[in-house]
Amino acid sequence: MRCVRILASAAARTAAVMTVLCGATTAALAQTAKPWQLGFQDPVTPVAENIDAFHDLLLVIITAITAFVLLLLLYVAVRFNSRANPTPSRVTHHTTIEVLWTVVPIMILVVIAIPSFKLLYFGDRTATPEMTLKVTGHQWYWSYAYPDYGNVSFDSLMVPTDQLKPGQVRLLEVDNRVVVPVDTNVRVLLTADDVLHSWAVPAFGIKTDTIPGRLNETWFRVTRTGTYYGQCSELCGVNHGFMPIAIDVVSKDAFSQWIAEKKKTAGLTAPAQADSVDVAHRADVTARGNR
Ligand SMILES: [Cu+2]
């Protein structure tokens, strides 16, 4: 009886610990990868949700194929070894089976290709962007611009390990986070200043190359507020691992306040000023182009 009681209390303790652990994991999954994490980060955009679903479909198909091939191999090894089958058949062709092993894989590939292409085009661009975020990759940091808001722009550099504040994630925290509103179609335009980089945010289902002299496009619509992290995913030089991405997804009101504050600091509040900045910027670009 005592033994049963001890077991029961141990089980209750384990359950309590598991609840705490699982709760912690679920909350953290929305943000960044965790040690010993299995599976993807929680998807927070329609594209990431579709990628998750596509992954699940592929997992079923690949498991079925692997199990089928394994069973065939076991069957052949048992049924047709030299002891069980001393006089082998001399048949070398079998039309039906040859048609089958050509047609069935083609059908499997078509089943994979249709949702794959649909997803590719879905993630490519949005027909109804509500705002634009411009991302530029540099060796070794990112810079961001908001063309719809007076071209507010800033650089975003990693916080070195020895300067981290409590609660900040090592190698993923930046000095200036990108801020975007929740439930908004954000068009992302990406380019690079020097070499190839890749702007990758797993929870958004985004990994898009930034290429010098070219403008790539993608989009996201985040359905949950929070902080999300990503990293450069194109080997771009010695500090490639030290140019993280940190994004704060906030309510629309909070975003309006944040962008107004940014515009104020940049001296972009009055429209006339914004225009003159724009003209000065264009003149600068032209001058550089003529050099
Ligand atoms: Cu890079």
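Below you will find a few notes about this structure. (Residues numbered from 1 in each chain as written. Predicted model: local features only at pLDDT ≥ 70, side-chain atom pairs only at ≥ 80, totals over all residues.)

**Considering the sheet that holds strand β7 (residues 206–210)**
Rule in force here: For two strands to be treated as a pair, DSSP must find at least two bridges joining them. Only DSSP runs of H or I covering at least 4 residues are called helices, and only runs of E covering at least 2 are called strands; the numbering of each starts at the N terminus. Every angle, taken between N-to-C directions, lies between 0 and 180 degrees, and every axis is a line fitted to C-alpha atoms, over only the stretch in contact when it is a helix.
A sheet is described by the order of its strands in space; here five strands give the open sequence β4-β10-β9-β6-β7, paired in mixed fashion. The sheet is open, and its two edges are formed by β4 (178–181) and β7, each paired on a single side. If you compare each strand with its neighbour and ignore which way they point, the axes differ by 25 degrees on average. Sheet analysis places strand β9 (residues 226–232) next to strand β10 (residues 245–250), joined by five bridges and oriented antiparallel. When the bridges of β10 are listed, G226 appears paired with V249.

**Some thoughts on the nonpolar core**
Across soluble globular proteins, nonpolar side chains have a tendency to be buried as a group. Applicable threshold: Here, a nonpolar core denotes buried Ala, Val, Leu, Ile, Met, Phe, Trp, Tyr and Cys residues that are linked to one another through C-beta atoms within 7 Å. To sort residues by exposure, count the other C-beta atoms lying within 10 Å of each residue's C-beta; 20 or more gives buried, 12 or fewer gives exposed, and values between give partly exposed, all with C-beta atoms placed from the backbone. Each domain span listed reflects an automatic or database assignment of domains. Think of it this way: build a C-beta for each residue from its backbone, and any pair within 7 Å is a contact.
In this structure, L133, F204, F220, Y228 and I247 are the most contacted members of the largest nonpolar core, which totals 37 residues. Lining this core are residues from two domains, each supplying at least three of them: domain 2 (46–124) and domain 3 (131–290). Contact partners of F220, with chain neighbours within four places excluded, come to T45, V47, V186, V188, F204 and I206.

**Considerations on the pairing of strand β6 (residues 197–201)**
The element β6 is largely enclosed, with a buried count of four among its five residues. Across five bridges, β6 lies against β7 in antiparallel orientation. Across the sheet, the residue bridging to W199 is T208, located in β7. Turn length for the β6-β7 hairpin, with the two strands adjacent in sequence and antiparallel, is four residues, and the turn residue G205 shows positive phi of about 70 degrees. Both β6 and β9 contribute to a ladder of two bridges, which runs antiparallel. Bridge assignment links W199 to a residue of β9, and that residue is C232.

**Things to note about the sheet that holds strand β1 (residues 131–138)**
Taken together, five strands build an open sheet; the order of strands is β3-β2-β1-β5-β8 and the sheet is mixed. At either end of the open sheet lies a strand with only one pairing partner, and these are β3 (152–156) and β8 (216–220). Along the sheet, successive strands turn relative to each other by an average axial angle of 25 degrees, direction set aside. Strand direction decides the pairing type here: strand β2 (residues 141–146) and β3, joined by five bridges, are antiparallel. The residue of β3 that forms the bridge with S143 is D155.

**Notes on unusual backbone geometry**
Among all residues save glycine, negative phi is the norm, and among peptide bonds the norm is trans. Geometrically, the link from Q139 to W140 is a cis peptide bond, its omega value of 0 degrees lying close to zero. Mapped onto the secondary structure, W140 falls in the loop between β1 and β2. Positive phi outside glycine occurs at W36, with the angle close to 65 degrees. Note that W36 resides in the loop between α1 (2–29) and α2 (46–79). Phi at N151 is positive, roughly 60 degrees, even though this residue is not glycine.

In short, geometric facts, not functional conclusions.
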